[in-house]
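What follows is each chain in one-letter form.
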Amino acid sequence: MQEPKPIGFKNSQYPKMIGQLLHSNQFLKVFSLSALILLFMVLGVILVMATKEPMVITLGPDGKAIERISLPKAEDQIREGIKKYLEKRYQWEPENVMKKLKESESFITGQSLKAFRGAVLNVAKFSTDKQVSQKVYPNTIEVNLEKNTALITGDRVTAIQGLKAAGNLKLELTFESGPRTEMNPWGIYISKEREE
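What counts and how
- Residues numbered from 1 in each chain as written.
- Predicted model: local features only at pLDDT ≥ 70, side-chain atom pairs only at ≥ 80, totals over all residues.
- Heavy atoms only, no water.
- Helix = DSSP H or I, 4+ residues; strand = E, 2+ residues; numbered from the N terminus.
- Polar contact = N/O pair within 3.5 Å; in protein donor to acceptor, adjacent residues only side chain to side chain.
- Salt bridge = Lys/Arg side-chain N within 4 Å of Asp/Glu carboxyl O.
- Buried < 20%, exposed > 50% of the residue type's maximum accessible area, 1.4 Å probe, protein only.
- Pairing = 2+ DSSP bridges.
- Axes fitted to C-alpha atoms, helices over the stretch in contact; angles between N-to-C directions.
- Contact = heavy atoms within 4.5 Å.
- Patch = residues over 30% accessible without salt bridge, like charges linked within 9 Å, V, L, I, M, F, W, Y side chains within 5 Å.
- Areas by Shrake-Rupley, 256 points an atom, 1.4 Å probe, with all protein chains shown as cover.
- Core = buried A, V, L, I, M, F, W, Y, C linked by side-chain atoms within 4.5 Å.

## Observations regarding the side chain of Gln134
So, point 1. As for its position among the elements, Gln134 is in strand β1 (residues 132–144).
So, point 2. From its side chain, Gln134 meets the backbone oxygen of Tyr90 in a polar contact 3.1 Å long.

Shown next, in the form of structure tokens:
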């Protein structure tokens, strides 16, 4: 008779596979949750860095830090531009009248340039023929931003062949804003002059 062979039960593979699958799902869940937390932390840091004002340190030619100052007022910039225009347009000698009046053209609007050239041509001719020089000393420059006008009051000294005469200066300039150039860094362009 034959000996009975022991019957070996084969363990089913399914419960073991299900256990491994459940274990790996837990691992994936924990990994996903930790990645999500890390993502929110990084987004928070990026948001804080993006909304933070950048630190800019400006250095001068000598390597020292330049102090931060506020922007100048519009009236002050216009006033400085008008002072430069007055220096070019109303302060000249017979030797440099053409040069000064040519330089003052950088403060005139394109529409008014032809009329301006015609007016200053007579001034330049009179100055060179009669040996006339002129200087102006503005006392006040009142800027009205609503009307785009500037009222200049001061003194004018005119010398004709060495004889000097002083008079009052009352000038109203109508200006407009335009592109800033090397000759006109203020971007102030005169469209109309009215002298009283």
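## Topic: the pattern of salt bridges
So, point 1. Taken as a whole and assessed by the stated rule, the structure comprises 12 salt bridges.
So, point 2. Glu193 is paired through a salt bridge with Arg89; the nearest N and O atoms lie 3.6 Å apart. In this pair, Glu193 is assigned in strand β4 (residues 188–195) and Arg89 in helix α2 (residues 74–90), connecting sequence segments 104 residues apart.
So, point 3. Here Arg89 falls in the buried class, since its relative accessible area comes to 11%.

## As for the sheet that holds strand β3 (residues 163–177)
So, point 1. Taken together, the four strands give an open sheet; going across it, the order is β1-β2-β3-β4, and neighbouring strands pair in antiparallel fashion. The sheet terminates laterally at β1 and β4, the two strands that pair on one side only. Averaged over all neighbouring strand pairs, the angle between strand axes comes to 30°, with direction disregarded.
So, point 2. Across seven bridges, β3 lies against β4 in antiparallel orientation. Across the sheet, the residue bridging to Thr174 is Lys192, located in β4.
So, point 3. Along the sheet, α2 makes contact with β1, β2 (149–160), β3 and β4, crossing β1 at roughly 165°.

## Side note on the environment of Lys135
So, point 1. The residue Lys135 is located in strand β1 in this model.
So, point 2. Taking the relative accessible area as the measure of exposure, Lys135 reaches 38% and is therefore partly exposed.
So, point 3. Linking Lys135 and Ile152, residues 17 residues apart in sequence, is a C-alpha distance of 14 Å.
So, point 4. Residues in contact with Lys135, not counting those within four places in the same chain, are Tyr90, Gln91, Glu93, Asp155, Arg156 and Val157.

## Considering a nonpolar patch on the surface
So, point 1. Together, Leu33, Leu36, Ile37, Leu38, Leu39, Phe40, Met41, Val42, Leu43 and Ile46 line one region of the surface with nonpolar side chains, adding up to about 980 Å² of accessible area.
So, point 2. Along the chain, Leu38 turns up in helix α1 (residues 13–51).

## Comments concerning the side chain of Asn184
So, point 1. The residue Asn184 is located in the loop between β3 and β4 in this model.
So, point 2. Of note is the side chain of Asn184, whose polar atom sits 2.8 Å from the backbone oxygen of Ile188.

## Concerning the nonpolar core
So, point 1. Counting 26 residues, the largest nonpolar core has Ile82, Tyr85 and Ile152 as its most contacted members.
So, point 2. Of all the secondary structure elements, the ones that give two or more residues to this core are α2, α3 (97–104), α4 (113–130), β1, β2, β3 and β4.
So, point 3. The element that contributes the greatest number of residues to this core is α2, accounting for five residues.
So, point 4. Residues in contact with Ile82, not counting those within four places in the same chain, are Ile141, Ala150, Ile152 and Leu173.

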